[in-house]
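# Structure assessment
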Amino acid sequence: MIDLHTHSTASDGTDSPSELVARAASLGLEALAITDHDTLQGSDEAVTAAAAAGLRFVQGLELSTRRTEEPDPAARSVHVLGYFFRPPEPGFRAWLDSLKERRRSRNHAMAERLQALGMAVSLEEAEAEGRNITGRPHFASVLIRKGYVRSYAEAFRTLLGELCPAYVERADPTPREGIARIRQAGGVAVLAHAVRLNKAGAEEEAVLRGFVDAGLGGIEVYHSDHDERSRSRYAQLAEKYGLAVTGGSDYHGAHKPDVLLGRGRRGQRPPLALLDGLRRAAGH
Ligand code: AMP
Ligand code: ZN
Ligand code: FE
Ligand code: FE
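How each quantity is defined
- Residues numbered from 1 in each chain as written.
- Chains lettered and ligands numbered in written order.
- Predicted model: local features only at pLDDT ≥ 70, side-chain atom pairs only at ≥ 80, totals over all residues.
- Heavy atoms only, no water.
- Helix = DSSP H or I, 4+ residues; strand = E, 2+ residues; numbered from the N terminus.
- Rg over C-alpha atoms; globule rule 2.2 N^0.38 Å.
- Buried < 20%, exposed > 50% of the residue type's maximum accessible area, 1.4 Å probe, protein only.
- Contact = heavy atoms within 4.5 Å.
- Areas by Shrake-Rupley, 256 points an atom, 1.4 Å probe, with all protein chains shown as cover.
- Lys, Arg positive; Asp, Glu negative; His and termini not counted.
- Charge placed at Lys NZ, Arg CZ, Asp CG, Glu CD.
- Donors = N, O, S within 2.8 Å, 3.2 Å for Na, K, Ca; no water.
- Near = heavy atom within 4 Å.
- Polar contact = N/O pair within 3.5 Å; in protein donor to acceptor, adjacent residues only side chain to side chain.
- 1 Å grid on protein atoms, 1.4 Å probe; cavity = no way out; pocket = protein on both sides within 12 Å on 5 of 7 lines; lining within 4 Å.
- Sits in = over half its atoms within 2 Å of the grid points.
- Pairing = 2+ DSSP bridges.
- Axes fitted to C-alpha atoms, helices over the stretch in contact; angles between N-to-C directions.

Once that is clear, we can look at the overall build of the protein. A count of helices and strands for the protein gives 10 helices and 7 strands. Its C-alpha atoms give the protein a radius of gyration of 18 Å, within 12% of the compact-globule value 19 Å for 284 residues. Seen along its three principal axes, the alpha-carbon backbone of the protein occupies a region of about 50 × 45 × 40 Å. Evaluated residue by residue, the protein yields a buried proportion of 56% over its 284 residues. Here the analysis covers contacts within the protein between residues at least 6 apart in sequence; of these, 72% occur between residues at least 24 apart. Just so you have it, the protein exposes about 11,900 Å², and 50% of that area is on carbon and sulfur atoms. Charged side chains of the protein number 37 positive and 38 negative; the gap between the two group centres comes to 2 Å.

Shown next, in the form of structure tokens:
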């Protein structure tokens, strides 16, 4: 069993990178990737701990991109995973730093929305929760701590979700740019949780084909949001477009308590053999 999609405290997970490595080792995972949102910091920090634990480790990240041409605001966000970079990738890292600025101005606007709704939540408080990469889950933490909502789910359902009053869209790169940047850094780009494109049938396939044309190298088949049916659909599409198949839980620790490291939400078990296909897709 492997897990190629996890988050640490370098973005919006609640385990530190070394805690995540220790947990993976104690579960007996055969391989782990840390894929924090828009940063390599989590996987950078885990490299030494993973080597000491004798755990097969893959550096990664999960880029937030946006299909601005999509009319439905709840279907614009596209997460692109990146793996197997060729260090030291300085241009890629500088670009990632520039994304933090876009995050900051969006977060500033979200704090203003919450304040306009009568909630005492500041940008500084959210950033204190987020430290490296601050996003909506950190706003949710502050809202829970101050008693405005009871859970992350409630925070997203009533305030932070795409159709909710405190939501502000971020100026993310397009999927095409994200894929190109990952490839320029020597990595392979993988579409995360395809089911969240919120599309079906031919429409979904057309969106995927656009990503393939842009250089996509893989697709997540195993994911906590994928049931048996979507797994078999994405496995078929992987075959059709020559994409590597990957899988992971999208573990976030206490931010998503029902998602378990390695097993996800549905007890899936992505096999170790996937890793070779992914490495081949990266051209290593
Ligand atoms: P942001 O990048 O700031 O827009 O925040 C998006 C992140 O919020 C996602 O990557 C998820 O980790 C998290 N998220 C989105 N929807 C929910 C939800 N309903 N419950 C908990 N976390 C969520
Ligand atoms: Zn997340
Ligand atoms: Fe994601
Ligand atoms: Fe994720």
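The next subject is the coordination of the zinc ion (ligand 2). At 1.9 to 2.6 Å from the zinc ion (ligand 2) lie its protein donor atoms, namely Asp12 (OD), Asp12 (OD), His37 (NE2) and His252 (NE2). Mapping the donors of the zinc ion (ligand 2) onto the primary sequence yields the spacing D-x24-H-x214-H. Distance-wise, the iron ion (ligand 3) is placed 5.8 Å from the zinc ion (ligand 2). Taken together, the residues span a long stretch of sequence, with aspartate 12 in the loop between β1 (2-3) and α1 (17-27) and histidine 37 in the loop between β2 (31-34) and α2 (41-53) at a distance of 25 residues. Take aspartate 12: its relative accessible area is 7%, and that puts it in the buried class. The exposure class of histidine 37 is buried, given its relative accessible area of 11%.

The subject of this paragraph is the site of ligand 1. Lining the immediate surroundings of ligand 1 are Asp12, His37, His79, Arg103, Arg106, Gly135, Arg136, Pro137, Phe156, Arg170, His252 and Lys256. A distance of 2.8 Å is found between an oxygen atom of ligand 1 and a side-chain nitrogen or oxygen belonging to arginine 106. In this structure, lysine 256 approaches ligand 1 through a side-chain N or O atom, which is 3.5 Å from an oxygen atom. Notes on ligand 1: free accessible area 510 Å², of which the protein chains cover 79%. Among the cavities detected, the one that contains ligand 1 is the largest pocket.

Turning our attention to the coordination of the iron ion (ligand 3). A metal bound by six donors in octahedral fashion has ideal angles of 90 or 180 degrees, whereas one bound by four tetrahedral donors has an ideal angle of 109.5 degrees. Surrounding the iron ion (ligand 3) are the protein donor atoms Glu62 (OE), His79 (ND1) and His193 (NE2), at 2.1 to 2.2 Å. Read in sequence order, the donor residues for the iron ion (ligand 3) give the motif E-x16-H-x113-H. With relative accessibility at 14%, the residue histidine 79 sits in the buried group. A relative accessible area of 4% places histidine 193 in the buried class.

What follows concerns the sheet that holds strand β3 (residues 56-66). The strand order β1-β2-β3-β4-β5-β6-β7 describes an open sheet built from 7 strands, whose pairing is mixed. Since the sheet does not close on itself, it has two edges, and those belong to β1 and β7 (244-247), each with one partner. Where β3 lies against strand β4 (residues 77-83), 7 bridges are found, and the strand directions are antiparallel. Among the inter-strand pairings, arginine 66 is bridged to a residue of β4, identified as serine 77. Contacts from helix α10 (residues 274-282) reach β1, β2, β3, β4, β5 (188-191), β6 (218-222) and β7, with the element oriented near 125° to β7.

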